[in-house]
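Results of the structural survey
For reference, the chains in residue letters:
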Amino acid sequence: METAEIRRRWLAYFEARGHTVVPSASLIYDDPNLLFVNAGMVPFKPYFLGEQQPTWDRATSVQKCVRTGDIEEVGKTSRHGTFFQMNGNFSFGDYFKEGAIDFAWGLLTTSQADGGYGLDPELLWPTVFRDDDEAYALWRDRIGVPEARIVRRDEEDNYWSMGVPGPGGPSSEIFYDRGARYGADGGPAVDEDRFMEIWNLVFMQDELSAFRTKSDFDIRGPLPRRNIDTGMGLERMASVLQGKDNLYEIDEVYPVLAKAAEMTGRTYGAKSGHAATSSHPDDVHLRVVADHIRSSLMLIGDGVTPGNEGRGYVLRRMLRRAVRAMRLLGYRDHALPQLLPVSKDRMKASYPELETDFARISQIAYAEEDAFRRTLDAGTTILDTAVTKAKKQPSPQLSGDAAFQLHDTYGFPIDLTLEMAAEQGVQVDEAGFRFLMQEQRDRAKADAKAKKSGHADVGVWTELLSLGRTDWQAYEHLSVEASVVGLVRDGERQQELEPGATGQVVLDRTSFYAESGGQIADSGDIVTEQGVLKVLDVQRPVKGLVVHTVQVQDGPVRVGEQVQAKVDPDWRVAACQAHSGTHVIHAALRQVLGPSALQSGSYNKPGYLRLDFAWGSALSPETRSEIEEVANLAVRKDLPVSAQFMTLPEAREWGALALFGETYDEQVRVVQIGGPWSRELCGGTHVAHSSQVGALTLTGESSVGSGVRRVEAFVGMDALHYLAGERAMVAELSGLVKVQPAELPARISELLTRVKDAEREIAKLRQQQVLAGAGDLVAGAKDVFGVRYVGHDAGAASADEVRALVLQLRDQLGDATPAVVAVTGVSKDRPVVVVATNAQAREWGVRAGDLVKVAAGVLGGGGGGKPDLAQGGGSDAGKTGDALTRVEHTVGETVTAR
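The structure reproduced in this document is the subject of the present report. (Residues numbered from 1 in each chain as written. Predicted model: local features only at pLDDT ≥ 70, side-chain atom pairs only at ≥ 80, totals over all residues. Heavy atoms only, no water.)

**Digging into the overall build of the protein**
Within the protein, the secondary structure is distributed over 26 helices and 35 strands. Here the contacts in the protein between residues at least 6 apart in sequence split such that 68% fall between residues at least 24 apart. Of the roughly 39700 Å² of accessible surface on the protein, a fraction of 48% belongs to carbon and sulfur atoms. Charged side chains of the protein number 98 positive and 125 negative; the gap between the two group centres comes to 4 Å. (Helix = DSSP H or I, 4+ residues; strand = E, 2+ residues; numbered from the N terminus. Contact = heavy atoms within 4.5 Å. Areas by Shrake-Rupley, 256 points an atom, 1.4 Å probe, with all protein chains shown as cover. Lys, Arg positive; Asp, Glu negative; His and termini not counted. Charge placed at Lys NZ, Arg CZ, Asp CG, Glu CD.)

**Comments concerning the nonpolar core**
Counting 112 residues, the largest nonpolar core has Trp139, Ile198 and Trp199 as the members making the most contacts within it. Setting aside residues up to four positions removed in sequence, Ile198 forms contacts with Leu108, Leu119, Leu124, Ile174, Tyr176, Gly231, Met232, Gly233, Met237 and Val240. Of all hydrophobic cores here, the second largest spans 29 residues; its members include Ile585, Phe613, Ile627 and Ile673. (Core = buried A, V, L, I, M, F, W, Y, C linked by side-chain atoms within 4.5 Å. Buried < 20%, exposed > 50% of the residue type's maximum accessible area, 1.4 Å probe, protein only.)

**Observations concerning the packing of aromatic side chains**
Enumeration over the complete set of coordinates arrives at 28 aromatic pairs. Note on Trp10 and Trp199: the rings are 4.8 Å apart at their centroids and 45 degrees apart in plane angle, and the pair reads as tilted. Of the two residues, Trp10 is situated in helix α1 (residues 3-15) and Trp199 in strand β8 (residues 195-213); the sequence distance between them amounts to 189 residues. Assessed through its relative accessible area of 0%, Trp10 is described here as buried. Ring centres of Tyr159 and Phe217 lie 4.7 Å apart, and the angle between their planes is 25 degrees; on these two criteria the pair is classed as stacked. (Phe/Tyr/Trp six-rings, centres within 6.5 Å; stacked < 30°, edge-to-face > 60°.)

**A few points about unusual backbone geometry**
A cis amide bond links Gly555 to the next residue, Pro556, at an omega of 5 degrees. Inspection of the secondary structure puts Pro556 in the loop between β20 (547-552) and β21 (557-558). Phi is positive for Asp490, which is not a glycine, with a value near 55 degrees. Inspection of the secondary structure puts Asp490 in the loop between β13 (479-489) and β14 (492-494).

**So, the layout of surface pockets**
What the second largest pocket holds in volume is close to 320 Å³. Lining the second largest pocket are 14 residues, with Thr388, Lys392, Lys853, Gly864 and Gly865 positioned closest to its centre. Of all the secondary-structure elements, those providing two or more residues to the lining of the second largest pocket are α12 (358-391), α25 (848-858) and β34 (862-865). For the lining of the second largest pocket, the class distribution of residues is two nonpolar, six polar and six charged. (1 Å grid on protein atoms, 1.4 Å probe; cavity = no way out; pocket = protein on both sides within 12 Å on 5 of 7 lines; lining within 4 Å. Points joined across faces, edges and corners; volume = space filled by probe spheres on them. Nonpolar A, V, L, I, M, F, W, Y, C, P; charged D, E, K, R; others polar.)

**Concerning the packing of helix α8 (residues 281-301) against α12**
It is at 9 Å that the axes of α8 and α12 come closest, and there the two elements cross at 120 degrees. The angle between the axes of α8 and α12 places the two elements in the oblique class. Viewed along their axes, α8 and α12 form a crossing whose handedness is right-handed. Together, Leu297, Ile300 and Gly301 of α8 and Phe358, Arg360, Ile361, Ile364 and Ala365 of α12 make up the contact between the two elements. Within the contact of α8 with α12, the residues separate by chemical class into six nonpolar, one polar and one charged. (Axes fitted to C-alpha atoms, helices over the stretch in contact; angles between N-to-C directions. Parallel < 35°, antiparallel > 145°, perpendicular 65-115°, else oblique. Left-handed = near helix turned anticlockwise from the far one by under 90°.)

**Focus on the side chain of Gln473**
Structurally, Gln473 can be placed in the loop between β12 (471-472) and β13. For Gln473, the side chain forms a polar contact with the side chain of Asp471, separated by 2.8 Å. Beyond its immediate stretch of four places on either side in the chain, Gln473 contacts Val480, Arg509, Thr510 and Ser511. (Polar contact = N/O pair within 3.5 Å; in protein donor to acceptor, adjacent residues only side chain to side chain.)

**Brief notes about the pairing of strand β23 (residues 599-605)**
Looking at chain direction, β23 and strand β24 (residues 608-614) are connected through six bridges and run antiparallel. Opposite Asn604, over in β24, you have Leu609 as the bridge partner. (Pairing = 2+ DSSP bridges.)

**Quick look at the pairing of strand β18 (residues 524-527)**
The alternating pattern of β18 places Gly524 and Ile526 on a buried face and Asp525 and Val527 on a face that is not buried. Strand direction decides the pairing type here: β18 and strand β19 (residues 532-539), joined by four bridges, are antiparallel. Paired with Gly524 across the two strands is Val535, which belongs to β19. Bridging between β18 and strand β22 (residues 562-567) involves four bridges; their strand directions are antiparallel. Pairing of Val527 across the sheet is with Gln564, part of β22.

**Focus: the pattern of salt bridges**
Side chains that carry opposite charge are capable of pairing whenever their charged atoms lie near each other. Applying the stated criterion across every chain yields a total of 48 salt bridges. For the salt bridge of Lys348 with Glu355, the shortest nitrogen-to-oxygen distance reads 3.2 Å. Given a relative accessible area of 42%, Glu355 falls into the partly exposed group. Each of Lys344, Asp345, Lys348 and Glu355 takes part in one network of salt bridges that share partners. (Salt bridge = Lys/Arg side-chain N within 4 Å of Asp/Glu carboxyl O.)

**Points about the state of the cysteines**
Applying the stated rule across the entire model yields zero disulfides. Residue Cys576 stays outside any disulfide, its sulfur separated by 10 Å from that of Cys682, the closest cysteine. (Disulfide = S-S within 2.5 Å.)

**Remarks on a positive patch on the surface**
A contiguous patch of positive charge on the surface is contributed by Lys389, Lys392, Arg847 and Lys853. Checked against the element boundaries, Lys853 lands in helix α25. (Patch = residues over 30% accessible without salt bridge, like charges linked within 9 Å, V, L, I, M, F, W, Y side chains within 5 Å.)

**Points about a nonpolar patch on the surface**
There is a patch of nonpolar side chains on the surface, built from Met729, Leu733, Leu736, Ile748 and Leu752 and spanning about 450 Å² of accessible area. Going through the elements one at a time, α20 (717-737) and α21 (744-772) are the ones with two or more residues in the nonpolar patch. Per-element accounting of the nonpolar patch gives the leading share, three residues, to α20. Within the secondary structure, Leu752 sits in helix α21.

**Some thoughts on the sheet that holds strand β25 (residues 641-647)**
Taken in spatial order, the three strands of this open sheet run β25-β26-β27, and their pairing is antiparallel. The strands lining the two open edges of the sheet, one partner per strand, are β25 and β27 (678-681). Shown here is a sheet whose adjacent strand axes are inclined to one another by a mean of 25 degrees, direction ignored. As judged from the seven bridges shared by β25 and strand β26 (residues 667-673), these two strands associate in the antiparallel manner. Residue pairing in the sheet places Ser642 in a bridge with Gln672 of β26.

**Some remarks on the side chain of Arg572**
Examined against the element boundaries, Arg572 turns out to sit in helix α17 (residues 569-593). Residue classification places Arg572 among the buried positions, given a relative accessible area of 7%. Within the local environment of Arg572, its side chain forms a polar contact with the backbone oxygen of Ala474, the two atoms lying 2.9 Å apart. If we skip the residues at most four places from it in the chain, Arg572 touches Ala474, His477, Leu478, Ser511, Tyr513, Asp522, Val567 and Thr685.

Structure, rendered in structure tokens:
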């Protein structure tokens, strides 16, 4: 049974039993504690935490998930993967243990002909929490599972929580016996390779008051409403129903693995056994490729782009690990153009948007592979330099610091460092590298913990939400009468905020727009009977609650007080212009460049906007001009701007674009400009007609990552001010060079040509001047223990001029006797030194590279080069004479030591 069919049967089974089918949320979820959705229940967290009330009592979903904590283990075992799909069914105060167990058993054991999965009941082993007699009895008495196959386990295995105070409860897991060839008999407590967990039923019944570890927590009491949260790994079920050893061999993953094996000439499985510990390195690499290609496809599909931090870094790491694995398998050419389409073809049955958006997805992925290949080339050069240096040591070894710098600064993988260093007979201090890597991980964990603790304490906001959701009227009004529901300062609830204080105000209703969707929060005031609160920021720390950060200018303000929330009307008008302008620019980009130029991020504030979009190369001036013209023509047409609410499936059917990184509710708001020309899901504020946007002027275009470009623009009066400034500058330049504005480019080009010609002539004259005294310098060469030595300070001279003089002096000294030339100069207050030796001097052991390091050390810098010619520099221009003296002494020491 194909994975897509397993998915379809799941949703159909639960929909037929009264569950609402909830579409998968994006992998990028609006949760400050998560990089990605990592469990099927994540989109339902607001319901379990009581922050929101669901509109249904039963729900089911197949949720896209990514877990990256064990990324290094991918491919080594049958259990570790990054992207996976979690089938879930949920009950919110409806059915509980009995219903959850009945549903699970029914779907698993019903025959395939009747719509189930058709598993043999004799091969299923349930586990229950140690003290959960109720669940134990249900499995034994209601379902009829023999006691010998019902296993009691402790908190580590069968008690679920979120890791913080909140809901929790015992769980019951269902394991499938894959047979004796996978391990020892005796149930999941004996061998979890043979006995594979396929379904986890969480009975959410307890309220945790403290959480110390997974097995050490306090239970305050029962939850007011008991819930069910279950999860069945789709890939694991596919491996069972398809008779495969692991998730890498199922129909959605294996074709990529097979293609990678074909490309590298390897035979998958030829040298491995069934046990995870008996996987051959070739098979591990092939699994890494298969997993990471699919994971990258899904992440880019949901709007992640490669970068150096956060989600972007995870994606970059996976793409590069896949390319690296192909390299370790002996494949050196571009790999992703052959592998990514294979993954797309297998995943599109469940996610058809991958095919329609593949031009954008592939563009980003291929650009990242190109960037990594350049990194490998650069890293190879740096590695070769480091290896050459290491070879000079008595025991050639590349330091842990050097290996770590290659990895951390240049993105050069450690296994390639090990491989390439070994080829040259040099060992790597791998222990030192691992130590530095662990230090970095520890710092990252500490940062993540600090970030999590900074965001996780939402208790004060949850308490205020329990008093009622904020009546948000930003679309309808600029000013509303309201009541102060709560005041917060430094994370603690207050009864009043005194004059001069900065804190947070929660109102029962507000007209202020809270920052979201790239649009910054409104500016304005909250007016009290006694004074004014200046609104500094507006956020939604939990869904349903709008929080105003204010500075009390006059006051105080007290809980329960009647106030007026007043948005600055000029600010709002300009904010609407910028946000509508963002939509106009986005539509113009897609019209000019094509549908693959999809927005991947935006930011707008009064007078300014920026928009990131998928594109692989810089835009030409002509293309930028065309985009700007299309946008301004749309503004001039006075297109109607409207917004309406509908379900997400209805919006997608209508052709509305869902923007990456956004989380959408069941009802979404679609903003359209000029009908289908611009139709996007958006919660922002907008103008009523496109003409109200005013002028749009593109001011910049740049790269912000592999396959992602950014355009910036001024909007409205800010655009006019920008153009006025440009016009004034043109007028000033025209006056300076005494031509009409239209003649300015030609005149500037002429002047630049004349300046360059003059610079070349000056450089030629200076070089002639520097070289003029070469004969006298040769005639005055010193004898240093048989070596003819010329040391000269050229004064104000560039590096090129110094180098030319050194080469001329060496040529004039000839090769009849050993000769060394050292010349210093100063350019832009920075000293430079160049040293050259002839063949006879090198035979005597005198090398330019060694001498220049000595001189550069005196100058407070460094240098290097070849034995015949080397260059260095420093920071102390006053020590050029000392540097030349030191070179002379070193020549003498070298010769006398022969």
